[in-house]
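# Remarks on the overall topology
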Amino acid sequence: MFPKLKLSQQAQQGSALIIGVFVLTVMFLIAASLIRIVGDADESVNMEVWGTRALFSANSGADAALAQLFPLDGTAATCTDVASTWTPPSNAVGFHSCSVSISCNTASVSGVTQYRINSLAACETGDCAGDSSSSTCLRVSRQVEVEARGN
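These remarks concern the structure in this document. (Residues numbered from 1 in each chain as written. Predicted model: local features only at pLDDT ≥ 70, side-chain atom pairs only at ≥ 80, totals over all residues. Heavy atoms only, no water.)

## Topic: the side chain of Ser57
Under the convention used in this document: Here a helix means four or more residues in a row that DSSP labels H or I, a strand means two or more in a row labelled E, and each is numbered from the N terminus. Every residue pair with non-hydrogen atoms within 4.5 Å of one another is taken to be in contact.
Among the secondary structure elements, Ser57 is positioned in helix α2 (residues 15-69). Those residues in contact with Ser57 that sit more than four places away from it in its chain are Trp86, Phe95, Cys98, Val100, Ala121 and Cys123.

## Some thoughts on the pairing of strand β3 (residues 112-125)
We count it as follows: For two strands to be treated as a pair, DSSP must find no fewer than two bridges joining them.
In the sheet, strand β2 (residues 98-109) pairs with β3 via 12 bridges, with the strands oriented antiparallel. What sits directly across from Thr106, in β3, is Tyr115. Where β2 folds back on β3, the antiparallel hairpin that results is connected by 2 residues, among which Ser110 adopts a positive phi of roughly 50°. Of the pairings in the sheet, the one linking β3 to strand β4 (residues 138-150) comprises 13 bridges and is antiparallel in character. Its bridge partner being in β4, Thr113 is matched across the sheet by Gly150.

## Points about α2
Inclusion rule: An expected span of 1.5 Å times one less than the residue number is assigned to each helix. Exposure is judged per residue with a 1.4 Å probe applied to protein chains only, and the accessible area is read against the type maximum: over 50% gives exposed, under 20% gives buried, and values in between give partly exposed.
When the terminal C-alpha atoms of α2 are compared, their 81 Å separation across 55 residues agrees well with the 81 Å that a helix rising 1.5 Å per residue should span. Trp50, Gly51, Ala54, Ser57, Ala58, Gly61, Ala62, Ala64, Ala65 and Leu69 are the residues of α2 that are buried. Among the structural elements, β1 (85-86), β2, β3 and β4 are those in contact with the buried residues of α2.

## Some words on the packing of aromatic side chains
Counted only if it meets this: In summary, the pairing rule links any two rings of Phe, Tyr or Trp, Trp by its six-membered ring, whose centres are within 6.5 Å, and it sorts them by plane angle into stacked for under 30 degrees, edge-to-face for over 60 and tilted for everything else.
Using the criterion set out here, one finds 2 aromatic pairs in the structure. Aromatic side chains Phe70 and Tyr115 sit 5.7 Å apart centroid to centroid with 90° between the ring planes, which places their arrangement in the edge-to-face category. Pair noted here: Phe70 is in the loop between α2 and β1 and Tyr115 is in strand β3, with a separation of 45 residues, a long-range link. The exposure class of Phe70 is partly exposed, given its relative accessible area of 34%. Seen in terms of ring centroids, Trp86 and Phe95 are 5.7 Å apart; in terms of plane orientation they differ by 90°. Their pairing is edge-to-face.

## Topic: a nonpolar patch on the surface
Inclusion rule: The patches described consist of residues with a relative accessible area above 30% and no salt bridge, like charges being joined within 9 Å and nonpolar side chains (Val, Leu, Ile, Met, Phe, Trp, Tyr) within 5 Å. Only the protein chains shown count as covering a residue, and every accessible area follows the Shrake-Rupley method with a 1.4 Å probe. By convention in these notes, a salt bridge is any Lys or Arg side-chain nitrogen within 4 Å of a carboxyl oxygen on Asp or Glu.
Among the surface-exposed residues, Ile19, Phe22, Val23, Val26, Met27, Ile30, Leu34 and Ile37 lie close enough to one another that they form a single nonpolar patch of about 770 Å² accessible area. Mapped onto the fold, Val26 is located in helix α2. Taking relative accessible area as the criterion, Val26 reaches 31% and is therefore assigned partly exposed.

## Quick word on the sheet that holds β3
As a reminder of what qualifies: The angle between two axes is taken between their N-to-C directions and runs from 0 to 180 degrees, where each axis is a line fitted to C-alpha atoms and a helix contributes only its stretch in contact.
A sheet is described by the order of its strands in space; here 4 strands give the open sequence β1-β2-β3-β4, paired in antiparallel fashion. Each edge of the open sheet is held by one strand with a lone partner, namely β1 and β4. Packing of α2 onto the sheet brings it into contact with β1, β2, β3 and β4, and relative to β4 it is tilted by some 30°.

## Details of the side chain of Asn118
Where we set the bar: Any pair of nitrogen or oxygen atoms within 3.5 Å is treated as a polar contact; in protein, a donor-acceptor pairing is required on top of that, and neighbouring residues in sequence qualify only through side-chain atoms on both sides.
By secondary structure assignment, the location of Asn118 is in strand β3. For Asn118, a relative accessible area of 17% gives the class buried. A distance of 2.8 Å separates a polar atom in the side chain of Asn118 from a polar atom in the side chain of Gln143. Once residues lying within four places of it in the same chain are set aside, the contact partners of Asn118 are Ser101, Ile102, Ser103, Gln143, Val144 and Glu145.

## Digging into the pattern of salt bridges
Summed over all chains, the structure comprises 4 salt bridges. In this structure, Asp40 engages Arg36 in a salt bridge whose closest nitrogen and oxygen atoms are separated by 3.7 Å. Placement of the pair is Asp40 and Arg36 together in helix α2, with a separation of 4 residues, close to one helical turn. With relative accessibility at 39%, the residue Asp40 sits in the partly exposed group. Exposure remark for Arg36: the relative accessible area of 59% places this residue in the exposed category. Connected through shared salt-bridge partners, Arg116, Glu145 and Glu147 make up one network.

This is the structure in structure tokens:
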């Protein structure tokens, strides 16, 4: 009823080539997506490390401001005694490329002086000169606010 089609060996050549090109294309797409995933993971680790450095720099700046505001000898201090910037020690490994700016405000409530210290740290790496539109610039900032009471 139906004629039997008999394909010759010549007519069957080339199907393996098409399957091979398809498999190579799929493998290329998988490899490209894995490379992208690894690159994103690397970037997120960098952001986490620099964010932690900025947070610890801001905490250290706030601690330094509190030490200036409440010295160990017990003398009275005011916000004018607090420096507006804090420079990390040059031999401290975790603080390089970080800058800290500090502000101090006072308020008096029922005869008790309240201090609010705001510490803003910015850490950067790469080519961040100018408007920082460079793709190699990574700049992270963290802010810490501390409140304290004094007499």
